[in-house]
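Residues per chain, in single letters:
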Amino acid sequence: EIKECDWSSDVCSSDLTKKLNVHHKKPFHLFPESELDLNNLITLCMDKECHIKVGHGGDFKDYNPNVAEDAAKVLANQSLFEEVVTEAEKNRLVA
């Protein structure tokens, strides 16, 4: 099954030319049953650093348990990006 996608970042709406990455909301090495679960995936870009900043709270060794909610906040209002990044850093968990 292939999930329909608009090929843009779920945070900033950057398109396919902006180095999109698939991000696991829950790290698959901690939650192996969720590795291929489409509900565990979100599209984040490397262009604005959405992947590292929102997906991982600034550190690729960690993960943001609120990534979907945080992405939706920023997608609805881009001016919240830095505020959401600060929250992601506070809420990140060690993967």
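Being a predicted model, the structure only gives us computed values, none of them experimental.

> Account for the environment of Asn21, with residues named and values stated.
Take Asn21: it is sitting in strand β1 (residues 20-24). Through-space distance from the C-alpha of Asn21 to that of His51 is 7.3 Å; in sequence the pair is 30 residues apart. With sequence-adjacent residues up to four places away left out, Asn21 is seen in contact with Ile42, Thr43, Leu44, Met46 and His51. Among the polar contacts listed, one links the side chain of Asn21 to the side chain of His51, at a separation of 2.8 Å.

> Can you break down helix α2 (residues 67-76) residue by residue, with the values?
Because an α-helix completes one turn every 3.6 residues, residues spaced three or four positions apart along the sequence face the same direction. If you check which residues of α2 are buried, you get Val67, Asp70, Ala71 and Val74. The buried residues of α2 occupy an angular sector of 100 degrees when projected down its axis, which confines them to one face. Those residues of α2 that are buried lie in contact with β1, β2 (41-45), α1 (50-55) and α3 (81-91).

Conventions we followed
Residues numbered from 1 in each chain as written. Predicted model: local features only at pLDDT ≥ 70, side-chain atom pairs only at ≥ 80, totals over all residues. Heavy atoms only, no water. Helix = DSSP H or I, 4+ residues; strand = E, 2+ residues; numbered from the N terminus. Contact = heavy atoms within 4.5 Å. Polar contact = N/O pair within 3.5 Å; in protein donor to acceptor, adjacent residues only side chain to side chain. Buried < 20%, exposed > 50% of the residue type's maximum accessible area, 1.4 Å probe, protein only. Arc of directions from axis to C-beta.

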